Amino acid sequence: LENKLNDENLTFSDIDMVFLTHYHFDHAFLASQFSNAKILDGSTIYDKDLEIDNSDKIPSTDIEILLTPGHAKEHSSLLVKEENKLTIVAGDVFGWTREEEQKVDNLNELISREDPYALDMEELKASRRKLLEIADIIVPGHGKVFSNLHKKK
Ligand SMILES: [Zn+2]
């Protein structure tokens with residue numbers, strides 16, 4: 001993560017907001033490295049000792065927060081609108097290991113893919129359906145960014 005920031009000429013201390021899709025170790029462990037950042041999740045902004053309710057948008061942006069439970073109870077995703085295109089930062093609603101082939105053409109397979117870490121598989125499927133109805137581009141928690149072929153016209 002530090003190297004990726006450095007590639008953009010940034011350091012941890014340059015970042016002022018960090019959004020956590022959920023609290024699994026591999027997604028949240030480094031949050032404390034962002035010494036100058038507010039930490040946000042699907043319900044709260046953590047600003048040092050303050051906890052402020054928030055569940056609508058990332059403050060001062062048009063980026064919407066959408067609850068997408070299933071993989072984890074608190075899981076939420078980000079909706080980024082640009083012109084006529086909706087990109088969804090979907091966290092672990094979608095994910096593939098390095099060894100897996102990332103197949104995205106079959107809607108039922110995409111919705112029903114097993115997730116060994118899911119807390120509630122039925123809830124996860126409902127969240128996947130919801131995102132696949134509206135997204136143009138999906139950024140999964142693990143795997144490559146992909147175009148959604150299944151958006152409702
Ligand atoms: Zn996870």
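Quick note: structure is the one above.
An account of the accompanying structure is given in this report. (Residues numbered from 1 in each chain as written. Predicted model: local features only at pLDDT ≥ 70, side-chain atom pairs only at ≥ 80, totals over all residues. Heavy atoms only, no water.)

## With respect to the coordination of the zinc ion
This is how the line gets drawn: Note that water is not among the atoms used; donors are N, O and S atoms within 2.8 Å of the metal (3.2 Å for Na, K and Ca), so sites may look incomplete. For four-coordinate sites, all angles between 85 and 135 degrees define a tetrahedron; for four- and six-coordinate sites, opposite donors beyond 155 degrees with the remaining angles between 65 and 115 define square planar and octahedral shapes respectively, and all other cases count as irregular. In DSSP terms, a helix is any run of H or I states spanning at least four residues, a strand is any run of E spanning at least two, and both are numbered starting from the N terminus. Only protein chains enter the accessibility calculation, which uses a 1.4 Å probe; a residue whose area is less than 20% of its type maximum is buried, one above 50% is exposed, and one in between is partly exposed.
In the first shell of the zinc ion, the protein supplies His22 (NE2), His24 (ND1), His71 (NE2) and Asp92 (OD), at 2.2 Å from the metal. Of note is the zinc ion, whose four donor atoms meet at the metal with angles of 86 to 172° in an arrangement that counts as irregular. Expressed as a motif, the donor residue spacing for the zinc ion is H-x1-H-x46-H-x20-D. Linking His22 in the loop between β1 (17–19) and α2 (25–28) with His71 in the loop between β5 (64–67) and β6 (76–82), this pair joins segments that are 49 residues apart in sequence. Residue classification places His71 among the buried positions, given a relative accessible area of 4%.

## Here we look at the nonpolar core
Threshold: Buried Ala, Val, Leu, Ile, Met, Phe, Trp, Tyr and Cys residues that are joined via side-chain atoms within 4.5 Å together make up what is termed a nonpolar core. Should any heavy atoms of two residues lie within 4.5 Å, those residues are considered in contact.
By size, the foremost hydrophobic cluster in this structure holds 18 residues, and its most contacted members are Ile88, Ala90, Phe94, Leu110, Ile138 and Phe146. Elements supplying a minimum of two residues to this core: β7 (85–95), α3 (107–112) and α4 (121–134). With five residues, the top contributor of residues to this core is β7. The contacts of Leu110, once residues within four sequence positions are left out, are Phe94, Trp96, Lys103, Val104, Arg128, Leu132, Phe146 and His150. By size, the runner-up hydrophobic cluster in this structure holds ten residues, among which are Leu5, Phe12, Leu20 and Ala37.

## Quick word on the packing of aromatic side chains
Stated formally: Note on aromatic contacts: the rings of Phe and Tyr and the six-membered ring of Trp form a pair at centre separations within 6.5 Å, being stacked when their planes are under 30 degrees apart, edge-to-face when over 60 apart, and tilted otherwise.
Inspection of the entire model under this criterion finds four aromatic pairs. Ring centres of Phe94 and Phe146 lie 5.9 Å apart, and the angle between their planes is 85°; on these two criteria the pair is classed as edge-to-face. Placement of the pair is Phe94 in strand β7 and Phe146 in strand β9 (residues 146–147), with a sequence separation of 52 residues. Note on Trp96 and Phe146: the rings are 5.6 Å apart at their centroids and 90° apart in plane angle, and the pair reads as edge-to-face. Within this pair, whereas Trp96 is found in the loop between β7 and α3, its partner Phe146 is found in strand β9, the two being separated by 50 residues in sequence. By the burial criterion, Trp96 is buried, and Phe146 matches it. Taken together, the ring pairs in this structure connect Phe94, Trp96 and Phe146 into an aromatic cluster.

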